[in-house]
Each structure stands twice: as structure tokens, then as C-alpha cells.
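# A closer look at the structure
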Amino acid sequence: MKKLLITFCLVLLCPLFSPGWGFFGHKTINQIAVYALPRPMQEFYYRHMNQIVQLSTAPDMRRNEDPNEAPKHYIDMDHYGDNPFGMMPKEWEKATAKYTADTLRKYGTVPWVVMDVKENLTEAFRQRDTAAIIRLSADLGHYVADAYVPLHTTINYDGQLTNQEGMHSLWESKLPERHLAEYKLDSESADYLKDPLRSIWDVVQNSYGFLGATFDLEEAVSRKFTPETKYTFSHKYGKTRRAYSDAFADAYHKEVGGMVAIRIKQAPTMVASMWLTAWQDAGKPDLDQMMGKKFTKGEREKLATELKAWKKNELVDKELVIAMQKEKAVEKADVIKSAEDMQPMPADASAPAAPAPALTPAPQAAPATTVEKSKVKAKDEDGKKIKEKRKKKGDKADKADDGWN
Ligand SMILES: [Zn+2]
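None of the values given here were measured: they were computed from a predicted structure. (Residues numbered from 1 in each chain as written. Predicted model: local features only at pLDDT ≥ 70, side-chain atom pairs only at ≥ 80, totals over all residues.)

### Looking at the overall build of the protein
Scanning the protein from terminus to terminus reveals 19 helices and 2 strands. By residue count, 47% of the 405 residues in the protein fall in the buried class. Sequence separation of 24 or more characterises 84% of the internal contacts of the protein that already satisfy a separation of 6 or more. (Helix = DSSP H or I, 4+ residues; strand = E, 2+ residues; numbered from the N terminus. Buried ≥ 20, exposed ≤ 12 C-beta atoms within 10 Å, placed from the backbone. Contact = placed C-beta atoms within 7 Å.)

### Here's the deal with the pairing of strand β2 (residues 239-244)
Relative to β2, strand β1 (residues 231-236) runs antiparallel, the two being bridged by 6 bridges. Residue pairing in the sheet places F233 in a bridge with R242 of β2. A loop of 2 residues connects β1 with β2, the two strands running antiparallel in sequence, and Y237 in this loop sits at a positive phi of about 50°. (Pairing = 2+ DSSP bridges.)

### Some points on unusual backbone geometry
Phi at R128 is positive, roughly 55°, even though this residue is not glycine. Phi at E319 is positive, roughly 55°, even though this residue is not glycine. One can find E319 in the loop between α17 (297-311) and α18 (322-333). You can call E319 exposed: it has 11 C-beta atoms within 10 Å.

### What to know about the environment of T109
Counting through the fold element by element, T109 comes out in the loop between α8 (101-107) and α9 (110-127). With 22 C-beta atoms counted inside 10 Å, the residue T109 sits in the buried group. Linking T109 and I75, residues 34 residues apart in sequence, is a C-alpha distance of 5.5 Å.

### Here's the deal with α9
Compared with an ideal rise of 1.5 Å per residue, which puts 18 residues at 26 Å, α9 spans 26 Å between its outermost C-alpha atoms and is within 8% of the ideal. Of the residues making up α9, those classed as buried are V110, P111, W112, V113, V114, M115, V117, K118, L121, A124 and F125. Along its buried surface, α9 packs onto α7 (92-99), α10 (130-147), α12 (196-209) and α15 (246-281). Looking at the residues trailing α9, positive phi occurs at R128, about 55°. (Expected span 1.5 Å × (residues − 1).)

### Describing the nonpolar core
Grouped together as the largest cluster of nonpolar side chains are 84 residues, with contacts concentrated most on L37, V114, L140, V144, A147, V271 and W275. No other element matches the 17 residues that α15 contributes to this core. Apart from residues lying up to four places away in sequence, V144 is in contact with V114, I200, A267, M270, V271 and M274. (Core = buried A, V, L, I, M, F, W, Y, C linked by C-beta atoms within 7 Å.)

### Structural notes on the packing of helix α2 (residues 23-35) against α15
Contact geometry of α2 with α15 gives a least axis separation of 8 Å together with a crossing angle of 55°. The orientation of α2 with respect to α15, classified from their angle, is oblique. Crossing of α2 over α15 shows right-handed handedness. Contact residues: G25, I29, N30, I32 and A33 in α2; I264, A267, P268, V271, A272 and W275 in α15. For the contact of α2 with α15, the residue count by class is 9 nonpolar, 2 polar and no charged. (Axes fitted to C-alpha atoms, helices over the stretch in contact; angles between N-to-C directions. Parallel < 35°, antiparallel > 145°, perpendicular 65-115°, else oblique. Left-handed = near helix turned anticlockwise from the far one by under 90°. Nonpolar A, V, L, I, M, F, W, Y, C, P; charged D, E, K, R; others polar.)

### Quick notes on the environment of L170
Within the secondary structure, L170 sits in helix α11 (residues 167-179). Residue L170 is classed as buried on the basis of its C-beta count, with 24 C-beta atoms lying within 10 Å. Sequence spacing of L170 and S245 is 75 residues, and the spatial spacing of their C-alpha atoms is 9.5 Å. With residues near it in sequence (within four places) discarded, L170 still touches L175, Y244 and A249.

### A short note on the confidence of the model for the protein
Overall, the predicted model of the protein reaches an average pLDDT of 81, with 75% of residues at or above 70. Within the model, the stretch residues 330-371 combines pLDDT values under 50 with 143 contacts to residues more than four positions away or in other chains. Scored below 50 in pLDDT, residues 375-405 makes 71 contacts in the model with residues more than four places away or belonging to other chains. (pLDDT = per-residue confidence, 0-100.)

### Quick word on the environment of R135
Note on placement: R135 falls in helix α10. When the C-alpha atoms of R135 and S56 are compared, they prove to be 8.7 Å apart, with 79 residues separating the residues in sequence.

### Structural notes on α15
Over its 36 residues, α15 extends only 46 Å from the first C-alpha to the last, a length that falls short of the 52 Å expected when each residue adds 1.5 Å. Along α15, the helix axis deviates most sharply at V256, where the bend reaches about 70°. Of the residues one or two after α15, G283 is the one with positive phi, at around 90°. (Bend = angle between axes of the 7 residues up to and from the residue.)

### Details of the packing of α10 against α15
Two quantities define a packed helix pair, namely the angle between the helix axes and the distance between the axes. Orientation of α10 relative to α15, taken along the N-to-C sense of each, is 140°, at an axis distance of 9 Å. By the criterion of interaxial angle, the relationship of α10 to α15 is oblique. Considering the relative orientation of α10 and α15, their crossing is right-handed. Residues S137, L140, G141, V144 and A145 of α10 pack against A267, M270, V271, M274 and W275 of α15.

The following block contains the structure:
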């Protein structure tokens, strides 16, 4: 109990960094991916949609127990020089031959993890293993979504090297949390991916291309703010926490909101396409047969309603976004009154905790040349410290992350 309380306190002191899209983002991306599937897969996935949504954050929760988990969620491309996409071989074997597996693991492996999980999902389809299909689909949705977040492609992942600390959760949590209703969530339908490795690398490269604007626009917007208006400060347990203010977030969103919106819209299509590719590569097993109980008339009507709302971009208006429904309950549960009232925090009031998926911004940013802020000049030693810090922060934040964070 004491240990739990200590953990809880740490969580409170360090809740600003989140390791991927906030829980909100990950859940929403996995939900919309179900709508983007073709018919032969859709009823099966819809039957299990709640699970796939809730499990979307499981990989982030695993970071608490597994020290090897964290690097699976990102890839710090700027570590590999000024032309990292030209330098980095796409295949794991060739990349390890060039840089060693240790280096790759140190700076993140998300594109290869996507491929591994996709292969495992293909095998689960071959085996007709429903539980594994659900679990691996949720995992795959998470890692694909993380690749859509620009800040998952740089060593300066939180703006910590350019005095812009806090950008990670600002971009992937606070912005979509405050502005989701303005986004178009009617993502494109899934397509079979002839070369999924190339597809996921394209996603990473697009994310990287957004970094310049992500950092530069923060600086530009900051000129209109004073430190007092840019940040909010809160004091808890003798520590001061700094976070971006709502006013700053809204002003920044006017500049980069298009990017966030585009990445949130694109990610579900890629998630669904990866699911579809795994299923097709497994020989298109009959998922209806695997459902046991037939899809009911009620389920069919509910799905039809949701698909209609999705296509008309009315999911938020019609209160059909699952993450938003859960979020309300979680917020209430997490109100903290005083130290004596503290209860060990529920990992997630509703479900097996899993991290949120990441959404990516629109491709307006120029490529590598504008990525000044992401070019980390830190020496190896610094990089190591940053990594350790990141890991620690991530671990703590994971437990605090019940929704958008
Ligand atoms: Zn993640």
C-alpha cells in the first residue's frame, strides 16, 4: 500500500509527459480504424471494437514492467545525421549491419516493431486465434499511431533541448483534447499494402517533415505571450510544475492544428490497412465463422448508425467517440482532494490500461532542412541521460495517463 502511494505521488509530480498519443488519441484511432475496414472484416472487428479500443493503450502500460518496451514507440531519426532517411536502410537486417542492433534499440525501433506485430497478427489469423487477433490488432494500432506523431521521430521529443519542454503532451494530448470537434474524422477506407515496410517508413518520414514547423511555430506564437500568459504554474508537494496555458495551446493550435488534424485523420486508415494486409496475407480466413454467435440485427443497425456518423463526420456531435465517453468517468475518479484522501490510482477505470495512439500532423512542413530544432547536438553522453530521463518520465506518466495525457 505504501509503495502504491509513493508511486501515486510520483505520478502526480510528473504527469506532463506522455509516451504517445494521449490515451484519447490512441483509442479514437483504433475505433475509427474499425470503420475504415472492408466488409468481410468489419463485423468481426466491430463485435470486438470496445476491446480493441481499450487495449489500444496496452503497449504504453507495458513500459512500466518491461524496460525493452519504450524504444518500440519511437525512432529518433535525427540521431542518424542530416539525411537520416537516405542513410538508414529500411530492412532490419541491413540496418543492424550498418548501425548495430544496440544502437537501433537505443534510438527507437517503431517501424520494425510495426512489421513484427503485423507478422504476428498474420499468424494469429492463420491460426484462427480470436484472442490473439484482438490483442495484436490493438497493439498494431498503437505502434502505427505512434509513428504518426512528429515528436516520436526526434531526440528532442519534448522540446527539452530547446527550452520548449512540455511540447510532447501539448501536441499529442492537449491540442486534440481541446479541438477534436473541429477535426474531420472521416478517414479514407483501408487498402491492401503491397509493401507495408515502405508504407510505415513513409509515415515516419512524413512525421519527421512536420518537426520544423512544430518547433518553429511554437517559437513564433511564444512571441505574442509573456511567461505569465504562456504557462500555468502549479505547486504540489513542494514542487512547481510548468505547463502550457490553455490560451497558448489555442493560439498554437491555430498554427499547427491542421497538422494534428491530418495525422489523426490519416492514422486510422493505415491501422486498418495493416489489419487488412495481415488478414489477406493469412489467406483471408472467414471471420464470420469465427464469431460464434452471428452478428445480430441490433449490432448491424448500431454499426450502420456509426458508419453513417463517421462518413458525415458526426461522431463527436453524436457522442459516439468511445474515448470521450470513458474520459468523463475517469476524470471524476481522479479528482484529488488532499493527501489523506489519496487512493491508489486506477490504471484506467474502464479497461486494461493501454497507451494512446499517436496522430500525425499535416504534411505542410518542409523536409529535413527545416528540422533545425530536432537536430540534436547533444553528445552521446547527453543523449544517454535524455534517454534515461525519458524512460523514467514515461514510466511515471504511463500510470497517470488515464486519458488524453
Ligand atoms: Zn506509445
